[in-house]
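Residue strings, one per chain:
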Amino acid sequence: MQAQTALITGSTSGIGLGIAEALAASGRAVALNGRSDTPENHALASAMSARHGVAVVYLAADISEGDLARALVARAADALGRLDILVNNAGVQHVAPVEEFPVAKWDHILALNLSSAFHTSAAAIPLMKANGFGRIINVSSAHGLTASPYKSAYVSAKHGLVGLTKTVALEMAETRLDLTCNAICPGYVLTPLVENQIADQMKVHKMSREEVLEKVMLQRQPTRKMASVEDLGALAVFLASPAASQITGAALPVDGGWTAL
Ligand code: NAD
């Protein structure tokens, strides 16, 4: 049988890259995606391919544009021969009070963090139905289940992504095929972006790394520990496996107990 394939949006760094690495390590051919077409991004794909002995391609697309998001799915299926797994991961954040929130930022966050998953799912589902197998994994957030002040666009988009996940899961279930759609809801995850935030907070508060984590950043994460991109990669590999065929429409927190509070 032909090896399974996966498209991971926003996979040049952080969580998307971690999930792509885990899927490639488990034998899947992988399409990486980011906004810009740089030699570094193509090199990322070549290195991953060499590490795991699977096909890895890099496909540039700004998926905040619906047409480009839909076309990305077709390009991935063309490049890899089929599409079994779609991970909707790309996302950005902006922090401001609602009354000062820049309209352009609101529109962009909704387009990238929510609408792109609608477009890629709409393009992927017919391919998955034709194959009789499909897994859609949406990277939402603890902010898809609970809110924080000043994050109106992010919280709205991530809650919306959980709603989209449930709706797509129900529509997939009606096919009686092996198609599932789930959301992963991370709290803080140790990515390069978050590493920079730790460094900034250490300077602002004149605290050690441990103090910043314990007293500032992880106050809402009861374990006081961050998840790793490897943790999320392992969860994605599990959700893609046959053992997870009856897990669908779920929003799975990986948040050290944040949403249990
Ligand atoms: P990151 O900034 O490291 O990665 C974001 C990725 O999205 C990059 O590959 C970037 O190239 C890509 N991207 C940005 N704009 C794009 C566009 N217009 N088109 C295509 N790709 C684009 O971020 P991360 O921390 O790894 O976050 C990944 C996802 O996980 C996001 O959806 C984020 O909301 C979610 N998340 C992160 C955390 C965390 O603690 N890091 C927690 C919860 C949820």
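Cut-offs used in this document
- Residues numbered from 1 in each chain as written.
- Predicted model: local features only at pLDDT ≥ 70, side-chain atom pairs only at ≥ 80, totals over all residues.
- Heavy atoms only, no water.
- Near = heavy atom within 4 Å.
- Polar contact = N/O pair within 3.5 Å; in protein donor to acceptor, adjacent residues only side chain to side chain.
- Areas by Shrake-Rupley, 256 points an atom, 1.4 Å probe, with all protein chains shown as cover.
- Helix = DSSP H or I, 4+ residues; strand = E, 2+ residues; numbered from the N terminus.
- Nonpolar A, V, L, I, M, F, W, Y, C, P; charged D, E, K, R; others polar.
- Domains from an automatic or database assignment.
- Core = buried A, V, L, I, M, F, W, Y, C linked by side-chain atoms within 4.5 Å.
- Buried < 20%, exposed > 50% of the residue type's maximum accessible area, 1.4 Å probe, protein only.
- Contact = heavy atoms within 4.5 Å.
- Phe/Tyr/Trp six-rings, centres within 6.5 Å; stacked < 30°, edge-to-face > 60°.
- Lys NZ or Arg CZ within 6 Å of the ring centre and 35° of its normal.
- Expected span 1.5 Å × (residues − 1).
- Bend = angle between axes of the 7 residues up to and from the residue.
- Buried area = accessible area lost by both parts, 1.4 Å probe.

Looking now at the site of the ligand. Close to the ligand lie 27 residues, the nearest being T12, S13, I15, N89 and Y154. At 2.7 Å, a side-chain N or O of S13 approaches an oxygen atom of the ligand. Between the ligand and A61, the relevant distance is 3.4 Å, taken from a nitrogen atom to a main-chain nitrogen or oxygen of the residue. Taken by itself the ligand offers 840 Å² of open surface, and the protein chains cover 88% of this. For the shell around the ligand, the secondary-structure elements that each account for two or more residues are α1 (14-25), β2 (29-34) and α5 (152-173). Taken together, the residues of the shell around the ligand sort by class into 11 nonpolar, 13 polar and 3 charged. A domain split of the shell around the ligand shows at least three residues from each of domain 1 (5-187 + 228-255) and domain 2 (188-225).

The subject of this paragraph is the nonpolar core. Formed by 35 residues in total, the largest nonpolar core has its most connected members in L7, I63, M128, I136, V168 and M172. No other element matches the 8 residues that helix α4 (residues 103-131) contributes to this core. Ignoring anything within four residues of it in the chain, the contact list for M172 reads I125, M128, I136, L179, T180 and C181. Of all hydrophobic cores here, the second largest spans 29 residues; its members include A20, L23, I184 and A240.

Once that is clear, we can look at the packing of aromatic side chains. Under the defined criterion, the tally for this structure stands at 1 aromatic pair. Ring plane angle 35° and centroid distance 6.5 Å describe the contact between Y188 and W258, whose orientation is recorded as tilted. Placement of the pair is Y188 in the loop between β6 (178-186) and α6 (192-205) and W258 in the segment after β7 (251-254), with a sequence separation of 70 residues. A cation sits over an aromatic face here: R70 above F118, 5.4 Å from the ring centre.

Another point: α4. Over its 29 residues, α4 runs 41 Å from end to end, which matches the ideal 42 Å to within 8%, given 1.5 Å per residue. If you look at α4, its biggest bend is around 45°, right at S115.

The next subject is the environment of E210. Mapped onto the secondary structure, E210 falls in helix α7 (residues 209-217). For the pair formed by E210 and I198, sequence separation is 12 residues and the distance between their alpha carbons is 9.6 Å.

Our focus in this paragraph is the domain arrangement of the chain. What the domain assignment reports for the chain is domain 1 (5-187 + 228-255) and domain 2 (188-225). Computed over C-alpha atoms only, the centres of domain 1 and domain 2 are separated by 26 Å. The interface is formed by 12 residues belonging to domain 1 together with 8 residues belonging to domain 2. At the boundary of domain 1 with domain 2, total buried surface from both sides reaches about 630 Å², with 56% on carbon and sulfur atoms. Linking domain 1 to domain 2 there are 3 residue pairs in polar contact (both at pLDDT 80 or more). When residues of the side of domain 1 that touches domain 2 are traced back to their parent elements, those giving at least two are α1 and α8 (229-240). Its residues assigned to classes, the side of domain 1 that touches domain 2 comprises 5 nonpolar, 6 polar and 1 charged.

Turning our attention to unusual backbone geometry. The phi torsion at R176 lies on the positive side, around 60°, for a residue other than glycine. Considering the arrangement of structural elements, one finds R176 in the loop between α5 and β6. Even without being a glycine, K206 presents a positive backbone phi close to 50°. Turning to its location among the elements, K206 is positioned in the loop between α6 and α7.

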